[in-house]
Amino acid sequence: MNKKSAKKKCQHVLGWPEWALIGIVVCSTLLIILALCTGFFKTPQEKAEAELEKIADAYYTEYLYPRLLGNLDNDPKAVLQVYYEVGVPTTYLRQLLYFNDGKYAKSTKYFDRLGCDTNATGVRFYPVEPYGPRDYTADYVWNCQEGDFKK
C-alpha cells in the first residue's frame, strides 16, 4: 500500500454540525458538573436549620420523652395527650446545646454565624398519636440577626 493513500483515508474535516454537537455536549457536561457542585454546599442558614432539627430530635427522644412519661409504667397516651394541642413549653437553644453533658456544644458555631440568640431561639414539641418516642411534631422559633428562617 502506498503512503499517500494511507494519509488520505485518515483525514476528515469536521463541519459545523459536528462542532455544534461537540459544543452542546461540552456545555451540558459543564452545567451538570456545576449543578452537582453547588447542590452539595449548604448555606449557613440551611446548616443551622438542619443542626437544630438534629439536636431537637436527640433532645426529645433521649431526654424529654422519658421525663414526660415519668416511669415506664405510665401510659404514654394518658400522659402526653395533655400536650397535644398546647405543646410542651418551649425549649431554648441554650438548653439544647448543653443537654447530655454538653454533647452538642460544638454546634454553637452554626448559630453564631447567623447571630442567633440562644435565649430566644428554640423549639416547641407537640406529641402525636400513638405517642411513641419518635411521634411528635416541632415548631421552631428563630431569633437570629441574619437569615430568613421558616417560622
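Right above here is the structure, for reference.
Here we summarise the structure given alongside this text. (Residues numbered from 1 in each chain as written. Predicted model: local features only at pLDDT ≥ 70, side-chain atom pairs only at ≥ 80, totals over all residues. Heavy atoms only, no water.)

1. Points about the packing of aromatic side chains
Definition in use: The criterion for an aromatic pair is that two Phe, Tyr or Trp rings (for Trp, the six-membered ring) have centres within 6.5 Å, with stacked assigned to planes under 30 degrees apart, edge-to-face to planes over 60 apart and tilted to the rest. Helix and strand assignments come from DSSP, with helices taken as H or I runs of at least 4 residues and strands as E runs of at least 2, each series counted from the N terminus. Note on exposure labels: buried denotes an accessible area under 20% of the residue type's maximum, exposed denotes more than 50%, and partly exposed covers the range between, all computed with a 1.4 Å probe on protein chains only.
Taken as a whole and assessed by the stated rule, the structure comprises ten aromatic pairs. Both rings, one in tyrosine 59 and one in tyrosine 63, keep their centres 5.2 Å apart while their planes meet at 35°; by these two values the pair is tilted. You can see tyrosine 59 and its partner tyrosine 63 sitting in helix α3 (residues 44-69), four residues apart, about one turn around the helix. You can call tyrosine 59 buried: its relative accessible area is 6%. Their ring planes at 50° and their centres at 6.0 Å tell us that tyrosine 60 and tyrosine 65 sit as a pair that is tilted.

2. Considering the pattern of salt bridges
For side chains bearing opposite charge, pairing can occur when the charged atoms are close. For the record, the criterion: Criterion for a salt bridge: a side-chain nitrogen of Lys or Arg within 4 Å of a carboxyl oxygen of Asp or Glu.
A complete count under the given rule lists two salt bridges for this structure. Measuring nitrogen to oxygen at the nearest pair gives 3.3 Å for the salt bridge that ties lysine 54 to glutamate 51. One end of the pair, lysine 54, and the other, glutamate 51, are both in helix α3, three residues apart, so they sit about a helical turn from each other. Taking relative accessible area as the criterion, glutamate 51 reaches 9% and is therefore assigned buried. Salt-bridge contacts for aspartate 57 lead to arginine 134; the nearest nitrogen and oxygen are separated by 2.5 Å. Of this pair, aspartate 57 sits in helix α3 while arginine 134 is found in the loop between β2 (122-127) and β3 (136-141), placing the two residues 77 residues apart along the sequence. On the basis of relative accessible area, aspartate 57 is assigned to the partly exposed category, the value being 23%.

3. Description of the nonpolar core
Basically, it comes down to this: To qualify as a nonpolar core, a set must consist of buried Ala, Val, Leu, Ile, Met, Phe, Trp, Tyr and Cys residues joined through side-chain atoms within 4.5 Å.
Tyr60, Leu64, Leu80, Phe111, Phe125 and Trp142 are the most contacted members of the largest nonpolar core, which totals 27 residues. When contributions to this core are tallied by element, the ones reaching two or more residues are α3, α6 (93-102) and β2. In terms of residue count, α3 provides more of this core than any other element does, eleven residues in total.

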